[in-house]
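# Summary of the model geometry
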Amino acid sequence: MNANGTGNGNGALEGAVIAVAGAAGPAGRATLLRLAEAGAIVVASDADPTRLAEAVDAARYAHGGATVTGDTVDLLDLAATREWAAKTEKEFGRIDGLVHLVGGWRGSATFAETDLADWDLLEKLLIRTVQHTSLAFHDGLLRSDRGRFLLISAAGASRPTAGNAAYAASKAAAEAWTLALADAFRKAGGDEGPKTAAAILIVKALVHDAMRAERPNAKFAGFTDVKELADAIAGVWERPASEVNGKRLWLTPQP
């Protein structure tokens, strides 16, 4: 980062236009900061306008001169999601990435106590939003010379536990959908290989400063700090599309 905090000016993200879905939470805030630092134009969305505005303002303040904008988008509405993608590409002339950070968790003490209302919620948050963003941004990312679609997933999708059936199944479905998108990018690349990639970053769970302050004696073993996640997200643009397309990139030990 240079003296005025606007990025080093020569990285893979310099001038890239990156959309961040679910940007108002701790992981979103860290990602906005990291992408702005790297010189990207960042277009954030969230369903909560107040928290989104705070996240956008924080990124702008931290990196004076960075372009960080916010749009309140209902990602459960495919038409609205397509409109957001089209507006972004029209306004900035390109779209080079979609980082999917929409999250949510519901669980139960035992498998038998699973509440299928949890599935109804998680299917919307963790699967439907991935479907809508991937369909909306597919064409624009293919037009980019460095397009990336990044899904943040959980280790539990590969090793479900009894009380996390709905959550693990939702994450596993989102991963499968993202890998299908990766196959579309592979086919579009032909013999030369993909120039656009879809990849999955996998964590055990996320931790941030407020969680540590609230539980100062907790170990958070195996958790990924949101700042580390943001670094990993930015790092995907440093790697060739063919190296990351269709890959699960583990940020925690693989089960």
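Here's what I pulled together on the structure shown here. (Residues numbered from 1 in each chain as written. Predicted model: local features only at pLDDT ≥ 70, side-chain atom pairs only at ≥ 80, totals over all residues. Heavy atoms only, no water.)

## Examining helix α2 (residues 49-62)
A rise of 1.5 Å per residue sets the reference length of α2, with its 14 residues, at 20 Å; its end C-alpha atoms lie 20 Å apart and thus fit the reference within 8%. All buried positions along α2 are accounted for by Leu 52, Ala 55, Val 56 and Ala 59. Buried residues of α2, seen end-on, are gathered within an arc of 95° and therefore sit on one face of the element. Of the exposed residues in α2, the ones pointing more than 90 degrees away from its buried face are Thr 50 and Tyr 61. Buried positions along α2 lie against α1 (26-37), β2 (41-46) and β3 (68-72). (Helix = DSSP H or I, 4+ residues; strand = E, 2+ residues; numbered from the N terminus. Expected span 1.5 Å × (residues − 1). Buried < 20%, exposed > 50% of the residue type's maximum accessible area, 1.4 Å probe, protein only. Arc of directions from axis to C-beta. Contact = heavy atoms within 4.5 Å.)

## Concerning unusual backbone geometry
Here Phe 220, not a glycine, exhibits a phi torsion of approximately 50°, which is positive. Examined against the element boundaries, Phe 220 turns out to sit in the loop between α6 (209-214) and β8 (224-225). Take Phe 220: its relative accessible area is 12%, and that puts it in the buried class.

## A few points about the sheet that holds strand β1 (residues 17-21)
Pairing within the open sheet is parallel, and its seven strands lie in the order β3-β2-β1-β4-β5-β6-β9. If you trace the sheet from one side to the other, it starts and ends with β3 and β9 (248-250), each paired once. For this sheet the average axis-to-axis angle between neighbouring strands, irrespective of direction, equals 20°. Here β1 runs beside strand β4 (residues 97-100); their pairing, made up of four bridges, is parallel. Bridging across to β4, Val 20 finds its partner in Val 99. Sheet contacts for α2: β2 and β3; angle to β3, the most-contacted strand, approximately 175°. Against the sheet, helix α4 (residues 116-143) touches β1, β4 and β5 (148-154), its axis set at about 175° to β4. (Pairing = 2+ DSSP bridges. Axes fitted to C-alpha atoms, helices over the stretch in contact; angles between N-to-C directions.)

## Remarks on the pattern of salt bridges
Evaluated as defined, the whole model comprises 16 salt bridges. Where Glu 175 meets Arg 248, a salt bridge forms, and the shortest distance between an N and an O atom there is 2.6 Å. Pair noted here: Glu 175 is in helix α5 (residues 165-189) and Arg 248 is in strand β9, with a separation of 73 residues, a long-range link. Arg 212 is paired through a salt bridge with Asp 225; the nearest N and O atoms lie 2.6 Å apart. Of the two residues, Arg 212 sits in helix α6 while Asp 225 sits in strand β8, which places them 13 residues apart along the sequence. Accessibility expressed as a relative area gives 36% for Arg 212, which makes it partly exposed. Here Asp 225 falls in the buried class, since its relative accessible area comes to 7%. (Salt bridge = Lys/Arg side-chain N within 4 Å of Asp/Glu carboxyl O.)

## A word on the pairing of β4
Neither face of β4 is left uncovered, since the one carrying Gly 97 and Val 99 and the one carrying Leu 98 and His 100 both have all their residues buried. Bridge count for β4 against β5 is four bridges, and the pairing is parallel. Within β5, the residue paired with Gly 97 across the bridge is Arg 148. Crossover β4 to β5 through α4 is right-handed. (Right-handed = clockwise from strand over helix to strand, strands pointing away.)

## Overview of the nonpolar core
Nonpolar side chains in soluble globular proteins tend to be buried together. One finds Leu 13, Ile 18, Val 20 and Ile 233 to be the most contacted residues of the largest nonpolar core, which totals 37 residues. Within the residue set of this core, elements represented by two or more residues are β1, α1, β2, α2, β5, β6 (197-203), α7 (226-236) and α8 (241-244). Sort the elements by how many residues they give to this core and α7 lands first, with six residues. In this structure, Ala 19, Val 73, Ile 95 and Phe 185 belong to the second largest nonpolar core, which totals 25 residues. (Core = buried A, V, L, I, M, F, W, Y, C linked by side-chain atoms within 4.5 Å.)

## Quick look at the packing of α1 against α2
Relative to each other, α1 and α2 sit at 30°, their axes nearing to 9 Å. Between α1 and α2, the angle is such that the two are roughly parallel. Once α1 is placed against α2, the crossing between them reads as right-handed. Each of Arg 29, Leu 32 and Leu 33 in α1 lies in contact with α2, whose residues at this interface are Arg 51, Glu 54, Ala 55, Val 56, Ala 58, Ala 59 and Ala 62. (Parallel < 35°, antiparallel > 145°, perpendicular 65-115°, else oblique. Left-handed = near helix turned anticlockwise from the far one by under 90°.)

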